[in-house]
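A structural walkthrough
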Amino acid sequence: MSESPRSPQWWRQAAIYQVYLRSFADGDGDGIGDLAGVRSRLSYLADLGVDAIWFTPWYPSPMDDGGYDVADFRDIEPTFGTLADAEQVLAEARALGLKVIIDIVPNHCSDTHRWFSAALEAGPGSPERERFWFRDGRGPDGAEPPNNWRSRFGGSAWTRVVEPDGSPGQWYLHLYSSRQPDLNWESQEVRAEFEDILRFWFDRGVDGFRIDVADGLVKDPALPDVEPGDETPFSDQEGVHEIYRAWRRIARSYPAERLLVGEMWLPDLRRSARYLREDEMHAAFNFDFLVCPWDVARFREVIDRTLESHDEVGAPPSWVLSNHDVTRPVTRYGRSGDTGFSFADRLHGTPVDRELGTRRARAAALLAMALPGGVYLYQGEELGLWEIEDIPGELRQDPVWERSDHADPGRDGCRVPMPWSGAAPPFGFSPDNAEKEPWLPQPAEWASHTASAQAADPGSVLSLYRSGLRLRKQAQGELRWLDQPPGVLAFRRGTFACLLNFSAEPVALPEHREVLLTSAPLADGQLPTDTAAWLRLPA
Ligand code: GLC
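How each quantity is defined
- Residues numbered from 1 in each chain as written.
- Predicted model: local features only at pLDDT ≥ 70, side-chain atom pairs only at ≥ 80, totals over all residues.
- Heavy atoms only, no water.
- Salt bridge = Lys/Arg side-chain N within 4 Å of Asp/Glu carboxyl O.
- Helix = DSSP H or I, 4+ residues; strand = E, 2+ residues; numbered from the N terminus.
- 1 Å grid on protein atoms, 1.4 Å probe; cavity = no way out; pocket = protein on both sides within 12 Å on 5 of 7 lines; lining within 4 Å.
- Points joined across faces, edges and corners; volume = space filled by probe spheres on them.
- Nonpolar A, V, L, I, M, F, W, Y, C, P; charged D, E, K, R; others polar.
- Domains from an automatic or database assignment.
- Axes fitted to C-alpha atoms, helices over the stretch in contact; angles between N-to-C directions.
- Parallel < 35°, antiparallel > 145°, perpendicular 65-115°, else oblique.
- Contact = heavy atoms within 4.5 Å.
- Phe/Tyr/Trp six-rings, centres within 6.5 Å; stacked < 30°, edge-to-face > 60°.
- Buried < 20%, exposed > 50% of the residue type's maximum accessible area, 1.4 Å probe, protein only.
- Lys NZ or Arg CZ within 6 Å of the ring centre and 35° of its normal.
- pLDDT = per-residue confidence, 0-100.
- Core = buried A, V, L, I, M, F, W, Y, C linked by side-chain atoms within 4.5 Å.
- Pairing = 2+ DSSP bridges.
- Left-handed = near helix turned anticlockwise from the far one by under 90°.

As a further point, take the pattern of salt bridges. Taken as a whole, this structure holds 36 salt bridges when the rule is applied. One salt bridge in this structure joins R270 and E312, with 3.6 Å as the shortest N-O distance. You can see R270 sitting in helix α7 (residues 269–273) and its partner E312 sitting in helix α9 (residues 296–313), a full 42 residues away along the chain. Taken together, the shared-partner salt bridges in this structure form one network comprising D65, D325, D398, R411 and R415.

So, in structure tokens, the structure goes:
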């Protein structure tokens, strides 16, 4: 790897904590998380032992898609704070030794973005429309969408506009909600604009970007119809790589090289690893690991494939169990039947054994933290929170819920505001005298799961994450699989070893000098079912 010699490559083994701003901490009592809230909780993150924070979009937004509908990429959403507050957060995080990465959303913007308003006003054939994908409709009076693409949130990926003269007009493409028009990356102006946005934030000290829908920017300009399930014309097109080469040059031009981490949900790990060639991004979320069902052979296979595909390009893997789009791990792993995850079938409402799910989520956390590479944590994962599946329909905010005609509950269940302290909602999420309730209701059962209830309990999920984040630094070097009984995943990295027992019987531990950490107590010195252990082996 020819990284700049100035770069400490901190991201190669960093633990990065995802802050979903709306649900993290509410400083001003309006029921919505904000930057003042973040500032009051930065020391919690430093104590937890993470190396960096990733903020989901903090830009001005009508919040049709939780801020992934950006109205202005160079400012802060007023309900979150001001640009000065963001600069303050960056400075305070830095003082605590925490790096900060922010989300960038280059595939689309909000329909309230000045570019989209200008495109509507300027009419067909204008340069303003060239920044988006405007097309005439099909059928005799253009009343049918230009092609059969579906929005990933349900329904058609096209919406028809009314032209300035009042007549029914062209259609515009949106791979997500109709309030998120796709930008046209064939336009040089779009490219130049985003390069400038990167610099705007790098100049303010952000340490990197998480790139939203990173595989989707380039479309096949012929916009061909697709078969159901085929995403080829709007995902992973060869031309997209050139964009990240230009971005990497910008990231490299800053004193300590800045991080680019991509969100690509691709069917093949080898395809996502291509984004990590040395002149493109630094890292990509490993979603194969996240969706993997609770099964020893499947986990082993995903780990092998990940290491191989990343080795080929010299990039570190990034292990992830959870984020703001997926069902929380406690719920996934506690399900009877399928314990994997898929957007197409969230398995909402399948019976969940929460105790089992928690036990497995704890073991999975030790696995993720022990593997070579970086690890991403999603807020609340360290508290063992579960998916809230009974949010009343009228309170649901994810556009997926409406666009799927209520067939898909959407992603609100993993976005419920964090429980910090106290015995009843808002559990310290909002100040005591708050005018408003949290924007999504918190369950009363979270009284036992608040950060302060767990901080004092050495057996809590929070204590496990704290110890894990501290001790994972001892896992250094390449992974080597250890011979173990069937049903047990076991590897070493130097003299550090990690074992996870997926089998139904307790197993004996290999010869060791010390037990560093376990996800559940050992039983007569043996490793119980659904338990992970970290060991120090003889040299
Ligand atoms: C990404 C985000 C998700 C968002 C979508 C559209 O997948 O993680 O939350 O809805 O992109 O921006």
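Time to look at unusual backbone geometry. For residues that are not glycine, phi is negative in most cases, and the peptide bond is trans in most cases. P425 connects to P426 through a cis peptide bond whose omega is 5°. Position of P426 relative to the elements: it lies in the loop between α12 (399–403) and α13 (451–455). Even without being a glycine, F427 presents a positive backbone phi close to 50°. Position of F427 relative to the elements: it lies in the loop between α12 and α13.

All right, on to the layout of surface pockets then. The computed volume of the largest pocket comes to approximately 1200 Å³. What lines the largest pocket is a set of 42 residues, among which R152, Y176, E231, W265 and F343 lie closest to the centre. Those elements that place two or more of their residues in the lining of the largest pocket are α7 and α8 (287–291). A per-class count over the lining of the largest pocket returns 16 nonpolar, twelve polar and 14 charged. For the lining of the largest pocket, the domains that each give at least three residues are domain 1 (10–106 + 185–220 + 241–468) and domain 2 (114–173). Here the second largest pocket is characterised by a volume of approximately 400 Å³. Broken down by element, the lining of the second largest pocket gets its largest block of residues, four residues, from α9. Here the residues of the lining of the second largest pocket sort into seven nonpolar, six polar and five charged. Two domains each provide a minimum of three residues to the lining of the second largest pocket, namely domain 1 (10–106 + 185–220 + 241–468) and domain 3 (475–536).

One can describe the packing of helix α1 (residues 35–48) onto helix α14 (residues 461–471) by two numbers: an axis separation of 8 Å at closest approach and a directional angle of 60°. Considering their axes alone, α1 and α14 lie oblique with respect to each other. Contact residues: α1 offers Y44, D47 and L48, while α14 offers L462, Y465, R466 and L469. Broken down by class, the residue content of the contact of α1 with α14 amounts to five nonpolar, no polar and two charged.

Moving on, we get to the packing of aromatic side chains. Taken as a whole, this structure holds 38 aromatic pairs when the rule is applied. Measuring from centroid to centroid gives 6.0 Å for Y59 and W201, while their planes differ by 65°, and the two rings are edge-to-face. Within this pair, whereas Y59 is found in the loop between β2 (52–55) and α2 (83–95), its partner W201 is found in helix α5 (residues 188–203), the two being separated by 142 residues in sequence. Overall, the relative accessible area of 0% leaves Y59 in the buried class. Owing to a relative accessible area of 0%, W201 belongs among the buried residues under this scheme. Relative to F234, the ring of W149 lies with its centre 4.7 Å away and its plane at 50°, an arrangement referred to as tilted. Taken together, the positions of W149 in the loop between β4 (134–135) and β5 (158–162) and F234 in the loop between β7 (208–211) and α6 (240–252) put the pair 85 residues apart, joining distant regions of the chain. In terms of burial, W149 and F234 fall into one category: buried. Positioned over the ring face of Y333 is R332, at 5.3 Å from the centre of the ring.

Right, let's get into the confidence of the model for the chain. With 99% of its residues at a pLDDT of at least 70, the chain reaches an overall mean of 96. Note that residues 1–7 has pLDDT below 50 and, in this model, 16 contacts with residues that lie over four places away or in other chains.

Ranked by internal contacts, the top residues of the largest apolar core, which has 148 residues, are W58 and W247. With sequence-adjacent residues up to four places away left out, W247 is seen in contact with I104, P106, W185, F194, E195, L198, I211 and L260. Ranked by size, the runner-up nonpolar core spans 14 residues in total, among them A157, L175, L223 and F234.

A separate point is the sheet that holds β4. Here we have three strands laid out as an open sheet, ordered β4-β6-β5, and antiparallel in their pairing. In this open sheet, the two edge strands, each paired with only one partner strand, are β4 and β5. Relative to strand β6 (residues 168–173), β4 is paired through two bridges, and the arrangement is antiparallel. When the bridges of β6 are listed, R135 appears paired with W171.

Tallying each qualifying case throughout the model produces five cavities of 30 Å³ or more. Approximately 80 Å³ is the volume attributed to the largest cavity. Considering the residues around the largest cavity, the lining is formed by R328, P329, V330, T358, A361, R362, E381, G384, L385, V461 and Y465. Among the elements of the structure, α10 (329–333), α11 (354–370) and α14 are those that each provide at least two residues to the lining of the largest cavity. Among the elements that make up the lining of the largest cavity, the one with the highest residue count is α11 (three residues). Of the residues belonging to the lining of the largest cavity, the class tally is six nonpolar, two polar and three charged. Volume-wise, the second largest cavity comes out at about 50 Å³. Every residue along the wall of the second largest cavity is listed here: T327, R335, R346, H348, E387, I388, E389, R396, P409, G410 and G413. Across the lining of the second largest cavity, the residue classes tally to two nonpolar, four polar and five charged.

Okay, the packing of α5 against α6 next. Two elements in contact, α5 and α6, have axes whose closest approach is 11 Å; the angle formed by their N-to-C orientations is 30°. In this view, α5 runs roughly parallel relative to α6, as classed from their interaxial angle. Handedness of the crossing formed by α5 with α6: right-handed. Where α5 approaches α6, its residues R191, F194, E195, L198, R199 and F202 are matched on the opposing element by E242, I243, A246, W247, I250 and A251.

Moving on: the sheet that holds strand β16 (residues 514–518). One open sheet accounts for five strands, arranged β12-β13-β14-β18-β16; its pairing is antiparallel. For this open sheet the edge positions go to β12 (480–481) and β16, each flanked by a neighbour on one side alone. Of the strand pairs in this sheet, β12 and strand β13 (residues 488–493) are connected by two bridges, and their pairing is antiparallel. Counterpart to R480 in the pairing with β13 is R492.

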